[in-house]
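# Remarks on the overall topology
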Amino acid sequence: LLAKIRREYAQLVTSGAQLLLLFIGFKLDSYEGWLGSLSAMALISFFAWLSALHRLRLIKATPTSKVASAAQGYVELIGTGKPYVESPLISKLRVLPCLWYRYKVEQRGAKNSWNTIDHGESSNPFILHDGSGSCVIDPEHAEIITKHRDQWITGNYRHTEWKLIHHDSIYALGEFRTHNVATEFDQRAELNALLADWKRDMPELHSRFDLDDNGELDMKEWMLARSAARREVSKKMQVAHAQSDIHIMGQPHDGKLYLLSNIAPNKLSRRYLYWSWAHIVILFGALVGLGWVMQTT
């Protein structure tokens, strides 16, 4: 729910809500109507201006890092998007291979309005590769801006689908974490888990280590079983040491902006700069309008 609220709030930055409120003011053409619509315009523009300015500052202030040398924490990455697994993710409406999708289905209502009847998005991870290494991108709770948007109408239904696709240049701003498989390998826990697993199949355990066939494992035989288990755990640890680190980007724990896009950061910056100026102009225009309405009554 929090992610949905943040996404709707982010969409407010580039929405035309103020134009709708202005239309409502003209439609009502009364003191109360103008007072309400202009006040709402000023309030929306103020928070939208703050939102656009906040995103602009974060994009400009965060330097681009390389996956192989990125510090743990809040970073900016730019690379090529690739599927996480061999079988690609398939979008809901267009049924096309992609890295991520969001969709919405609306039904035509009274007075040519559209009511949402179905919506959703994928949460499958994908890979960002920047030449120095690969990072697993977890899109859950991310604010995603994409230039791939399809919309079509079939009868009384309007379908909209947004996608990130294979080979897109991906801009990612979020919390970067590295998991080292070797350092996280708990040899004692692995040994205990393996022995517990062997104990669940006592006939097999006896066939391997009951040397005198008396149906019981004495101390010597049990020590032999533990030695065999240690050898297996040592092999698993060697495999873990041979594996490379796993880099993951996800939602920051401190609530900072988590942004994914296939639009270049300089273009994103220009977009937010434009909207911050647009909203501040609308804000002052609404305040001037409020003053005029109050003076004329």
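Anything mentioned here points back to the structure above.
What comes next concerns the included structure. Remember, it's a predicted structure, so these values are computed and weren't measured experimentally.

### Regarding the overall build of the chain
When its secondary structure is counted, the chain shows seven helices and 13 strands. In the chain, which comprises 297 residues, the proportion classed as buried is 38%. The contacts of the chain with a sequence gap of at least 6 include a subset with a gap of at least 24, amounting to 70%. A total accessible area of about 17,400 Å² is found for the chain, and carbon and sulfur atoms account for 58% of it.

### Some points on the pairing of strand 6 (residues 126-129)
When strand 1 (residues 73-83) meets strand 6, the two strands line up antiparallel, connected through four bridges. Of the residues in strand 6, the one forming a bridge with Gly81 is Leu128. Taken together, the four bridges between strand 6 and strand 7 (residues 134-137) define a ladder with antiparallel strand orientation. The partner of Phe126 across the bridge, within strand 7, is Ile137. The antiparallel hairpin formed by strand 6 and strand 7 contains four residues in its connecting segment, where Gly131 sits at a positive phi of about 95°.

### Focus on helix 4 (residues 187-199)
Over its 13 residues, helix 4 runs 18 Å from end to end, which matches the ideal 18 Å to within 8%, given 1.5 Å per residue. When we look at burial in helix 4, the residues that qualify are Leu191, Leu194, Leu195 and Trp198. Buried residues along helix 4 cover an arc of 95° about the axis, so they all sit on one side.

### A few points about the environment of Thr178
Locating Thr178 in the fold gives a position in strand 11 (residues 169-179). The exposure class of Thr178 is partly exposed, given its relative accessible area of 24%. For the pair Thr178 and Gly73, spaced 105 residues apart in sequence, the C-alpha separation works out to 9.6 Å. For Thr178, the contacting residues outside a window of four places in its chain are Gln72, Asp245, Ile246 and His247. For Thr178, the side chain forms a polar contact with the side chain of His247, separated by 2.9 Å.

### So, the nonpolar core
Core analysis: the largest hydrophobic core is formed by 20 residues, its most contacted members being Leu77, Phe126, Ile137, Met249 and Leu260. At the level of secondary structure, the elements contributing two or more residues to this core comprise strand 1, strand 6, strand 7, strand 10 (157-164) and strand 11. Aside from chain neighbours lying at most four places away, what touches Met249 is Val75, Leu77, Cys135, Val136, Ile137, Asp138, Ala172, Leu173, Gly174, Glu175 and Tyr258. Of all hydrophobic cores here, the second largest spans 13 residues; its members include Ala52, Leu257, Leu259 and Tyr272.

### Concerning the sheet that holds strand 4 (residues 100-108)
One open sheet accounts for four strands, arranged 5-4-10-9; its pairing is antiparallel. Unpaired on one side and paired on the other, strand 5 (114-121) and strand 9 (148-154) mark the two borders of the sheet. Sheet twist, expressed as the mean angle between neighbouring strand axes with direction ignored, is 15°. With eight bridges joining them, strand 4 and strand 10 adopt antiparallel strand pairing. Along strand 10, the bridge assignment pairs Glu106 with Arg158.

### Here's the deal with a negative patch on the surface
On the surface, Asp212, Asp213, Glu216 and Asp218 cluster together into a patch of negative charge. Relative to the assigned elements, Asp212 resides in the loop between helix 5 (202-209) and helix 6 (219-242). Asp212 gets classed as partly exposed once you look at its relative accessible area, which sits at 43%.

### Comments concerning the packing of aromatic side chains
According to the stated counting rule, one finds four aromatic pairs in the structure shown. Ring centres of Phe46 and Phe47 lie 5.4 Å apart, and the angle between their planes is 75°; this geometry places the pair in the edge-to-face category. Relative accessible area serves as the criterion here: at 34%, Phe46 is assigned to the partly exposed category. Each ring, one from Tyr101 and one from Tyr103, has its centre 6.4 Å from the other, and the planes form 40°; the classification is tilted. Residue classification places Tyr101 among the buried positions, given a relative accessible area of 12%. Linked through ring pairs, Phe46, Phe47 and Trp49 together constitute an aromatic cluster. Positioned above the aromatic ring of Trp152, the side-chain terminus of Arg94 is 3.8 Å from the ring centre. Sitting above the plane of the Trp198 ring, Arg208 keeps its charged end 4.6 Å from the centroid.

About the thresholds
Starting afresh in each chain, residues are numbered from 1 along the sequence in its written order. Per-residue local features of the predicted model are confined to residues with pLDDT of at least 70, and side-chain atom pairs are confined, for both listing and counting, to 80 or more; whole-chain, interface and lining totals are unaffected and use all residues. As a convention, hydrogens and water are excluded, and side-chain values are obtained from all of the structure's heavy atoms. Secondary structure elements follow DSSP: runs of H or I no shorter than four residues count as helices, runs of E no shorter than two count as strands, and numbering proceeds from the N terminus. Type-normalised accessible area, obtained with a 1.4 Å probe on protein chains alone, sets the label of each residue: buried when under 20%, exposed when over 50%, and partly exposed for intermediate values. The contact criterion used throughout is that any non-hydrogen atoms of two residues lie within 4.5 Å. Throughout, the Shrake-Rupley method with a 1.4 Å probe supplies accessible areas, and for residues the shown protein chains are the sole cover considered. Note on pairing: DSSP must find at least two bridges between two strands before they are called paired. The span one expects for a helix is its residue count, reduced by one, times 1.5 Å. In this description, the arc belongs to the directions extending from the helix axis to the C-beta atoms. Pairs of N or O atoms within 3.5 Å make up the polar contacts considered here, provided that, within protein, one atom can donate a hydrogen while the other can accept it, and that residues adjacent in sequence are counted only when both atoms are side-chain atoms. Here, the term nonpolar core denotes a set of buried Ala, Val, Leu, Ile, Met, Phe, Trp, Tyr and Cys residues that are joined through side-chain atoms within 4.5 Å. Note on geometry: axes are C-alpha line fits, over the in-contact stretch for helices, and angles between N-to-C directions span 0 to 180 degrees. Exposure above 30% relative accessible area and the absence of a salt bridge qualify a residue for a patch, where like charges join within 9 Å and nonpolar side chains (Val, Leu, Ile, Met, Phe, Trp, Tyr) within 5 Å. Every case where a carboxyl oxygen of Asp or Glu lies within 4 Å of a side-chain nitrogen of Lys or Arg is listed as a salt bridge. The charged-residue count follows a simple rule in which Lys and Arg add positive charge and Asp and Glu add negative charge, with His and chain termini not counted at all. Lysine's charge is taken at NZ, arginine's at CZ, aspartate's at CG and glutamate's at CD. To pair, rings of Phe, Tyr and Trp, with the six-membered ring standing in for Trp, must have centres within 6.5 Å; the planes then decide the type, stacked if under 30 degrees apart, edge-to-face if over 60, and tilted in the middle. Note on geometry: a ring has a charge over it if NZ (lysine) or CZ (arginine) is within 6 Å of the ring centre and within 35 degrees of the ring normal.

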